[in-house]
Amino acid sequence: MADNMLEYAQKMAEAARAGLAIERKRLQEILAERQRKQPAEPSQPSR
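Analysis parameters
- Residues numbered from 1 in each chain as written.
- Predicted model: local features only at pLDDT ≥ 70, side-chain atom pairs only at ≥ 80, totals over all residues.
- Heavy atoms only, no water.
- Helix = DSSP H or I, 4+ residues; strand = E, 2+ residues; numbered from the N terminus.
- Buried < 20%, exposed > 50% of the residue type's maximum accessible area, 1.4 Å probe, protein only.
- Areas by Shrake-Rupley, 256 points an atom, 1.4 Å probe, with all protein chains shown as cover.
- Salt bridge = Lys/Arg side-chain N within 4 Å of Asp/Glu carboxyl O.
- Expected span 1.5 Å × (residues − 1).

From N to C terminus, the protein includes one helix and zero strands. Counting every position in the protein, which comprises 47 residues, the buried fraction comes to 0%. Surface exposure of the protein reaches about 5,000 Å², of which carbon and sulfur atoms provide 56%.

Another aspect to go through is the pattern of salt bridges. Taken as a whole, this structure holds three salt bridges when the rule is applied. When the shortest N-O distance is used, the salt bridge between Glu33 and Lys37 registers 3.2 Å. Of this pair, Glu33 and Lys37 both sit in helix H1 (residues 2-37), separated by four residues, roughly a single helical turn.

Turning our attention to H1. Compared with an ideal rise of 1.5 Å per residue, which puts 36 residues at 52 Å, H1 spans 52 Å between its outermost C-alpha atoms and is within 8% of the ideal. Here H1 lies mainly on the outside; zero of its 36 residues are buried.

Structure follows, in structure tokens:
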């Protein structure tokens, strides 16, 4: 039983890491796209 739970937890962790990698890649693509669209405009300071 414990082996099954450990295997299940490991598979869940692997799936979570894969999901995070996909999200990270997508966010990097969004940031790169924004930088290409607005290279000459100064960024607004956040308050």
